[in-house]
Amino acid sequence: MIEAARQRLIFALDVDSCAAAERWVEQLHDKVGLFKVGKQLFTRCGPDIVRRIQERGGQVFLDLKYHDIPNTVARATVEACRLGVKMVNVHALGGPTMMRETVAAVNECCAAEKIERPVLLAVTILTSSDQETLRAVGIDRPVEEMVPHLAKLAQQAGLDGVVASPREVSLIRRACGNDFVIVTPGVRPAFASVDDQKRITPPAEAIACGADYLVVGRPIAKAADPREAATAILEEMAQALTEANHG
Ligand code: C5P
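The paragraphs below set out a description of the structure included in this document. (Residues numbered from 1 in each chain as written. Predicted model: local features only at pLDDT ≥ 70, side-chain atom pairs only at ≥ 80, totals over all residues. Heavy atoms only, no water.)

What follows covers the state of the cysteines. Applying the stated criterion to the full structure yields one disulfide. The disulfide bridge from Cys-18 ends at Cys-45, spanning 2.4 Å between sulfur atoms. Taken together, the positions of Cys-18 in helix H2 (residues 18-28) and Cys-45 in helix H3 (residues 39-45) put the pair 27 residues apart, joining distant regions of the chain. Not part of a disulfide, Cys-81 finds its nearest cysteine sulfur in Cys-110, a span of 4.0 Å. On the accessibility criterion, Cys-81 (0% relative accessible area) is buried. (Disulfide = S-S within 2.5 Å. Helix = DSSP H or I, 4+ residues; strand = E, 2+ residues; numbered from the N terminus. Buried < 20%, exposed > 50% of the residue type's maximum accessible area, 1.4 Å probe, protein only.)

Written out as structure tokens, the structure is:
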């Protein structure tokens with residue numbers, strides 16, 4: 001089960017230099033399944049950072065949350081596929097046409113160029129947005145309705161899953177079923193500090209709720225021994241996976 005847990009653990013590479021990112025990959029590549037590259041690192045290092053991570057034995061979740069006109073998002077996502085990333089995301093608020101065109105372009109490119117198709121995810125409502133934020137931009141529906149609604153739109157457009165807070169997992173499971181991938185950040189094991197996360201969930205609970213992948217940054221990065229912290233998280237996840245399989 002430790003290997004199953006490892007494949008589901010994503011380390012957030014929230015650093016501001018290529019050298020720091022490379023050090024983390026060298027240190028953790030056998031402990032985590034994917035390294036999440038976000039806007040900060042990508043803007044600093046460029047797409048070359050993906051190759052550098054791969055050369056050091058890591059796989060990449062490219063977390064750039066594309067949101068633009070359909071053609072632009074489709075073309076950008078195709079370029080992400082050509083970089084060989086294993087997971088990539090767009091904003092569901094970009095709409096059904098944007099998501100459908102992206103899926104079609106990705107499928108075509110991956111088939112033609114014999115690239116393994118990455119897991120295509122949508123972001124629904126950012127967890128930093130509350131009801132007030134939505135109202136300010138003219139959305140009156142409750143967040144608890146918007147999240148499963150957007151997840152369903154993503155699924156109908158052919159995307160594989162969503163990024164969501166652990167507390168949204170059951171709403172999304174109900175709307176989209178068990179085969180839809182759910183990736184959750186905001187995970188905190190008992191030994192780690194809360195940092196700036198407002199709603200936190202222990203790794204075992206996130207797995208028990210039905211999350212498929214967990215994104216973890218500071219609980220590993222700020223630990224006195226990051227490898228030991230990653231191991232403790234993996235053990236907790238493996239235990240929860242065993243219980244979920246037998247439950
Ligand atoms: O350090 P920590 O474990 O809080 O890192 C979580 C990672 O997940 C960060 O890269 C953060 O930007 C990302 N994230 C999040 N909450 C979301 C979406 C992404 O914390 N709703």
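Turning our eyes to something else, we now look at the sheet that holds strand S4 (residues 87-91). Read once around its circumference, the closed barrel built from eight strands follows the order S1-S2-S3-S4-S5-S6-S7-S8, with strand pairing classed as parallel. Here the strands of the sheet are splayed against their neighbours by 25° on average, with no regard to which way each runs. Where strand S2 (residues 34-37) lies against strand S3 (residues 60-66), three bridges are found, and the strand directions are parallel. Of the residues in S3, the one forming a bridge with Lys-36 is Phe-61. Sheet strands touched by helix H6 (residues 96-113): S3, S4 and strand S5 (119-123). Its angle to S4, the strand with the most contacts, is close to 155°. (Pairing = 2+ DSSP bridges. Axes fitted to C-alpha atoms, helices over the stretch in contact; angles between N-to-C directions. Contact = heavy atoms within 4.5 Å.)

With that settled, the discussion passes to the packing of aromatic side chains. For the structure shown, the criterion picks out two aromatic pairs. Pairing Phe-11 with Trp-24 gives two aromatic rings, centres 5.3 Å apart and planes at 55°, and the pair type is tilted. Linking Phe-11 in strand S1 (residues 9-12) with Trp-24 in helix H2, this pair joins segments that are 13 residues apart in sequence. Considered together, Phe-11 and Trp-24 belong to a single accessibility category, that of buried residues. Taken together, the ring pairs connect Phe-11, Trp-24 and Phe-35 into an aromatic cluster. (Phe/Tyr/Trp six-rings, centres within 6.5 Å; stacked < 30°, edge-to-face > 60°.)

This next bit is on the pairing of S4. With respect to burial, S4 is a largely interior element, five of its five residues being buried. On S4, burial covers both faces: Met-87, Asn-89 and His-91 on one face and Val-88 and Val-90 on the other are all buried. Bridging between S3 and S4 involves three bridges; their strand directions are parallel. Bridged to Phe-61 within S4 is Met-87.

Moving on: the side chain of Lys-36. Following the sequence through the fold, Lys-36 ends up in strand S2. Apart from the residues within four sequence positions on either side, Lys-36 is in contact with Ile-10, Phe-11, Ala-12, Leu-13, Asp-14, Phe-61, Asp-63 and Val-215.

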